[in-house]
Amino acid sequence: MTAGLFTFGLSATCLHAQETDIVLDPAGYINKYDTTFHGIGPHVYVLPAPRTREELLTDSYKEKIFFQDSIDKALDLQELIASFKTTRAERNMQYLLSPMPTSALAWNELIEREVARGSYHTAYGLLHTYASLSLKEGTIAQTLDLLQSALQHAQKTPNTSDVAIIQYNLANIYLYDRNIQQAGYFQEAYYNTAVQQKSIIDQANSLLRIALIQAHDQDFRSAENNIIRKAVPLLNRAKAYEHKIVAWQTLARIYQLQNKHTEAQWFLIQARDLARSKNFSRELAEIEYMLASSKLVQKNYTVAKKEFLQANELAKSEDNKLLQLAIADKLGQLYMAERDFNNAEATLHSYQDLRTELFGNRL
């Protein structure tokens, strides 16, 4: 590159000064100047001032905003996998899965052989196992197809409990896929079986799922009533405290969908207090994360920061790296809002490390 001057932020008067042999740089900004330069190009290159740390961090945080939906979707998938129920049929056919089929062709041959023998019980057990593995790989369309096939074969048997379990799993995956109509259809079928079998806890859990479906269909009043007036009284009767914690969380999530964060926090505090009093720690990390998220929306940064940090410690103790990533994502935003650039930068590095570990170079 040919140039006579490298400088930062020089004014037009400096350019004129070069031609009159006046001292160009009394402040000492010029690092290199060749007075004999007469080549092609301007005598002076005016370079912009270096970007500040704040500007660099601001751009980095803006760039990662577009990845928030991917984190939320991954958290939903993680919850979906954890809630996937196992059928009784799967317990009796493990001998067929040693070794485990390693290709779609091998699975299909194994399943078709059982169907040809009229062993529908084993066939739907195999299909359901295959669907569970497919779900863990995130192949939602394939999982739904496998579960539909499993349901068809299960309905050829008298195993109504397994039919209901497959319907329950179908409902949850359809909700994840935002197919509200199908989700509602299969969850209603599961609920009816729970009523017939007089299973109080299954009825309550199904009502929670029905409430989530209604909330995603914008029927918030029905969703709230299903939890407060139906599910919670059933759980109280059964003294199912751990399930009641989930009920309060579900209700809080529905309030968050409506941007009613004060109401959401009230029920999250009930859930947290109950979890602590009964020593049920499994849901605490997510409860703290949800509380902090609502406080962040309300710009109550002091409390939000405390709850995010508590959630992060709990998530680390559970080795829940996806939740740690979600926490780092929002905690960094909080630090930027407070102009705490030291913590914002450190949290950004943690976020980037976790994101690379979990998602690779996916944008």
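Residues numbered from 1 in each chain as written. Predicted model: local features only at pLDDT ≥ 70, side-chain atom pairs only at ≥ 80, totals over all residues. Heavy atoms only, no water.

**Quick notes on the pattern of salt bridges**
A pair can form between side chains of opposite charge whenever their charged atoms are brought close. Going through the model one piece at a time under the given rule, you end up with 12 salt bridges. A salt bridge links Glu 288 to Arg 276, with the shortest nitrogen-to-oxygen separation between them at 3.2 Å. In this pair, Glu 288 is assigned in helix α13 (residues 284-297) and Arg 276 in helix α12 (residues 261-277), connecting sequence segments 12 residues apart. Sharing partners across several salt bridges, the network here consists of Glu 242, Arg 282 and Glu 283. (Salt bridge = Lys/Arg side-chain N within 4 Å of Asp/Glu carboxyl O. Helix = DSSP H or I, 4+ residues; strand = E, 2+ residues; numbered from the N terminus.)

**Some thoughts on the environment of Asp 145**
Residue placement: Asp 145 occurs in helix α6 (residues 140-154). Distance in space between the C-alpha atoms of Asp 145 and Leu 170 is 9.7 Å, their sequence separation being 25 residues.

**Digging into helix α10 (residues 220-238)**
Compared with an ideal rise of 1.5 Å per residue, which puts 19 residues at 27 Å, α10 spans 26 Å between its outermost C-alpha atoms and is within 8% of the ideal. Taken as a whole, α10 carries its principal kink of about 35° at Ala 231; the proline Pro 233 stands between one and four residues after it. Among all positions of α10, only Phe 220, Ala 223, Glu 224, Asn 226, Ile 227, Ala 231, Val 232, Leu 234 and Leu 235 are buried. At its buried positions, α10 is contacted by α9 (200-216) and α11 (241-257). Just beyond α10, the residue with positive phi is Lys 239, at close to 55°. (Expected span 1.5 Å × (residues − 1). Bend = angle between axes of the 7 residues up to and from the residue. Buried < 20%, exposed > 50% of the residue type's maximum accessible area, 1.4 Å probe, protein only. Contact = heavy atoms within 4.5 Å.)

**Structural notes on a negative patch on the surface**
Residues Asp 69, Asp 72, Asp 76 and Glu 79 make up a contiguous surface patch of negative charge. With respect to the secondary-structure elements, Asp 72 resides in helix α3 (residues 68-83). (Patch = residues over 30% accessible without salt bridge, like charges linked within 9 Å, V, L, I, M, F, W, Y side chains within 5 Å. Areas by Shrake-Rupley, 256 points an atom, 1.4 Å probe, with all protein chains shown as cover. Lys, Arg positive; Asp, Glu negative; His and termini not counted. Charge placed at Lys NZ, Arg CZ, Asp CG, Glu CD.)

**A short note on the confidence of the model for the protein chain**
On average, the protein chain scores 90 in pLDDT, and the residues at 70 or more come to 88%. Contacts of residues 1-23 to residues separated by more than four positions or lying in other chains number 49 contacts, the stretch itself having pLDDT below 50. (pLDDT = per-residue confidence, 0-100.)

**A word on the nonpolar core**
Counting 67 residues, the largest nonpolar core has Leu 126, Ile 166, Leu 170, Ile 173, Ile 227 and Ile 254 as the members making the most contacts within it. Sequence-distant contacts of Ile 173, defined by excluding residues within four places in its chain, comprise Leu 80, Phe 84, Leu 135, Ile 140, Thr 143, Leu 144 and Leu 147. Membership of the second largest hydrophobic core comes to 30 residues, among which are Leu 296, Ala 304, Phe 308 and Leu 325. (Core = buried A, V, L, I, M, F, W, Y, C linked by side-chain atoms within 4.5 Å.)

**Re the side chain of Thr 87**
Looking at the element boundaries, Thr 87 is found in the loop between α3 and α4 (104-116). Only 2.7 Å separates the side chain of Thr 87 from the side chain of Glu 90, close enough to count as a polar contact. Contacts of Thr 87, omitting those with residues within four sequence positions, involve Tyr 124, His 128, Asp 162, Ile 165 and Ile 166. (Polar contact = N/O pair within 3.5 Å; in protein donor to acceptor, adjacent residues only side chain to side chain.)

**Let's talk about unusual backbone geometry**
The omega torsion across Ser 98 and Pro 99 is 5°, close enough to zero to call that bond cis. Look at Arg 178: it is not a glycine, yet its phi comes out positive at around 60°. Its place among the elements puts Arg 178 in the loop between α7 (160-176) and α8 (180-196). Residue Arg 178 is classed as partly exposed on the basis of its relative accessible area, which comes to 43%. The backbone of Asp 319 shows a phi angle near 55°, a positive value even though the residue is not glycine. If you trace the backbone, Asp 319 turns up in the loop between α14 (301-317) and α15 (321-337).

**Quick look at the packing of helix α5 (residues 120-136) against α6**
For any two helices packed against each other, one specifies the crossing angle of their axes together with the interaxial distance. Two numbers describe how α5 lies on α6: the axes approach to 8 Å, and their chain directions differ by 165°. Here α5 is positioned roughly antiparallel relative to α6, judged by the angle of their axes. For α5 against α6, the interelement crossing comes out left-handed. Taking contact as the criterion, the partners of Tyr 120, Tyr 124, Leu 127, His 128, Tyr 130, Ala 131, Ser 134 and Leu 135 in α5 are, on α6, Ile 140, Gln 142, Thr 143, Leu 146, Leu 147, Ser 149, Ala 150, His 153 and Ala 154. Across the contact of α5 with α6, the residue classes break down as 11 nonpolar, six polar and no charged. (Axes fitted to C-alpha atoms, helices over the stretch in contact; angles between N-to-C directions. Parallel < 35°, antiparallel > 145°, perpendicular 65-115°, else oblique. Left-handed = near helix turned anticlockwise from the far one by under 90°. Nonpolar A, V, L, I, M, F, W, Y, C, P; charged D, E, K, R; others polar.)

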